[in-house]
Amino acid sequence: MVMRPVMDLVNMLVICILVVIGSGHCMYSSKELEGYPAGFMADCPGSDKEAIITKNTLKNLSMTVVSTSNPMKEIRRKYNYYQMKELAKDPLLDFNKRTVLYIGGFLDSPNFPIPGRVAKVYDSIGYNVLLLDTSYFTTYEYPRASRLARPVGVHGAKMLFELKKQGLDPKKLDVVGLSLGVHTASFIAKNFRLITGVNISRITALDPSGPCFRNLGPEDRIDKSDADFVEMIATNIDGYGMAAPVGHVNYYVNGGEFQPGELVWFLCMTLCSHIRSYMVWLSALQHPNSFIAMQCDSVQQARFKKCRERKPLVTNLMGLKVDKKNEGIFYLATSAAYPYYLSERGLKQNSDLFKSLAASFNKEKLIKVR
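Residues numbered from 1 in each chain as written. Predicted model: local features only at pLDDT ≥ 70, side-chain atom pairs only at ≥ 80, totals over all residues. Heavy atoms only, no water.

Another aspect to go through is the packing of aromatic side chains. Under the definition given, this model contains eight aromatic pairs. Summarising the aromatic geometry, the rings of Phe40 and Tyr240 are spaced 5.6 Å apart at their centres and angled 75 degrees between planes, so their arrangement reads as edge-to-face. Of the two residues, Phe40 is situated in the loop between helix 2 (31–34) and strand 1 (62–67) and Tyr240 in the loop between strand 7 (227–234) and strand 8 (249–253); the sequence distance between them amounts to 200 residues. For Phe40, a relative accessible area of 44% puts it in the partly exposed group. (Phe/Tyr/Trp six-rings, centres within 6.5 Å; stacked < 30°, edge-to-face > 60°. Helix = DSSP H or I, 4+ residues; strand = E, 2+ residues; numbered from the N terminus. Buried < 20%, exposed > 50% of the residue type's maximum accessible area, 1.4 Å probe, protein only.)

Next comes the structure, spelled out in structure tokens:
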């Protein structure tokens, strides 16, 4: 009786012989040959051409001050581009505290759920909360919206400059962007530095959008030179996000490509993975010691979840307790459901949910289909 391993080897040899006869060699998967994902709509010709926002239209660019400290009634007050002096005098603002400016992505608005959740969490940890409304300039076809992010950045920087004159300290300013809003934050930061000669303190890049920006240089997209500290939370690098480690510290959540979810996730792999970045980030703000990431030598190592093999094992926290001097690429394992963190369990070999789930279907040595 021929043993099973020997039979498997014989079958493989037969297959290889047939392939050799047909094409000259056996074919093994190779990234060098196959290449790497290009991501969705990597290039948008013309999106870096000039765009101008007229003085009258600038009224549609605004900031909203938010306070959620009263559980019975959220307070919101909106100030347009020309009302920054009035905004600076709003009683909800205290420039002795840190301030967060949140910038939403494509088609987003401060009136939608995501900015509201961001505001609530930052308000709860003691920040002034400002929401930049760019919806008038992002409610276009995406390539045009990405083009308009540049002039929005110019004028957003002027708004911050006016607030600086009224007491806002750029070294107490965190700018948080989601998707297209990350690049808008980048253009704001670049132009603010041109005006003032000063960097803002921090940019949190929540899965920066790859479409139209993925193949551009640092002058045309988010880059770690844009602020004193830039962190990237990558959750969908091969779909709507981008793979390049553009921050000082770059977290590739579950490898950065696709995220596990509570529902039938294959129905919403790309978009749901993309917006998971903000959900993970808000949880990290609320659980500052719980998101432990491990350093990797490359993005590809993070994709393949091979960073545990790196010696010595170097870790960092995601959130406000990040070690800013510990720069580089980090792999972060999470669970499928809120609050997502795994703490030290995420450093263990069997913590990857997709692999564990796949393995659970084939844990038997033998299966019979009857």
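More follows now that the structure is in view.
This next bit is on the state of the cysteines. Enumeration over the complete set of coordinates arrives at two disulfides. Across the disulfide, Cys44 is cross-linked to Cys212 (sulfur-sulfur distance 1.9 Å). Measuring handedness by torsion sign, the sulfur bridge of Cys44 and Cys212 sits at about -70 degrees and is left-handed. Of this pair, Cys44 sits in the loop between helix 2 and strand 1 while Cys212 sits in the loop between strand 6 (200–206) and strand 7, and the two are 168 residues apart along the sequence. No difference in accessibility class separates Cys44 from Cys212, as the two residues are buried. (Disulfide = S-S within 2.5 Å.)

Put simply, the largest pocket is a space of about 380 Å³. What lines the largest pocket is a set of 18 residues, and nearest its centre among them are Gly105, Phe106, Ser179, Leu271 and His274. At the level of elements, helix 4 (113–124) and helix 8 (269–286) are the ones that each hand at least two residues to the lining of the largest pocket. Looking at the lining of the largest pocket residue by residue, the class counts come to 13 nonpolar, four polar and one charged. (1 Å grid on protein atoms, 1.4 Å probe; cavity = no way out; pocket = protein on both sides within 12 Å on 5 of 7 lines; lining within 4 Å. Points joined across faces, edges and corners; volume = space filled by probe spheres on them. Nonpolar A, V, L, I, M, F, W, Y, C, P; charged D, E, K, R; others polar.)

Attention now moves to empty space enclosed by the protein. Empty space among the atoms becomes apparent when a probe as large as a water molecule is rolled across them. The full count for this structure, using the stated rule, is one cavity of 30 Å³ or more. In this structure, the largest cavity spans a volume of roughly 60 Å³. Tyr102, Gly104, Gly105, Asp108, Ser109, Pro110, Pro115, Leu131, Leu132, Asp133 and Thr134 together form the lining of the largest cavity. No other element matches the three residues that strand 4 (residues 128–133) contributes to the lining of the largest cavity. Taken together, the residues that form the lining of the largest cavity break down as five nonpolar, four polar and two charged.

In this model helix 6 (residues 142–165) runs 34 Å from its N-terminal to its C-terminal C-alpha over 24 residues, within 8% of the 34 Å that 1.5 Å per residue would give. Of all the bends in helix 6, the largest measures some 30 degrees and sits at Arg150, one to four residues before the proline Pro151. Looking one or two places after helix 6, you find Gly167, whose phi comes out positive at around 125 degrees. (Expected span 1.5 Å × (residues − 1). Bend = angle between axes of the 7 residues up to and from the residue.)

Moving on, we get to the environment of Ala185. With respect to the helices and strands, Ala185 occurs in helix 7 (residues 180–196). Distance from Ala185 to Ser283, taken between C-alpha atoms, is 22 Å for residues 98 residues apart in sequence. With sequence-adjacent residues up to four places away left out, Ala185 is seen in contact with Ile103, Val175 and Ile203. (Contact = heavy atoms within 4.5 Å.)

This part takes up the sheet that holds strand 4. Taken in spatial order, the eleven strands of this open sheet run 2-1-4-3-5-6-7-8-11-9-10, and their pairing is mixed. Pairing within the sheet leaves two strands with one partner each, and these edge strands are strand 2 (75–80) and strand 10 (315–317). For this sheet the average axis-to-axis angle between neighbouring strands, irrespective of direction, equals 25 degrees. Across five bridges, strand 3 (residues 99–103) lies against strand 5 (residues 173–178) in parallel orientation. Across the sheet, residue Thr99 finds its bridge partner in strand 5, namely Leu173. (Pairing = 2+ DSSP bridges. Axes fitted to C-alpha atoms, helices over the stretch in contact; angles between N-to-C directions.)

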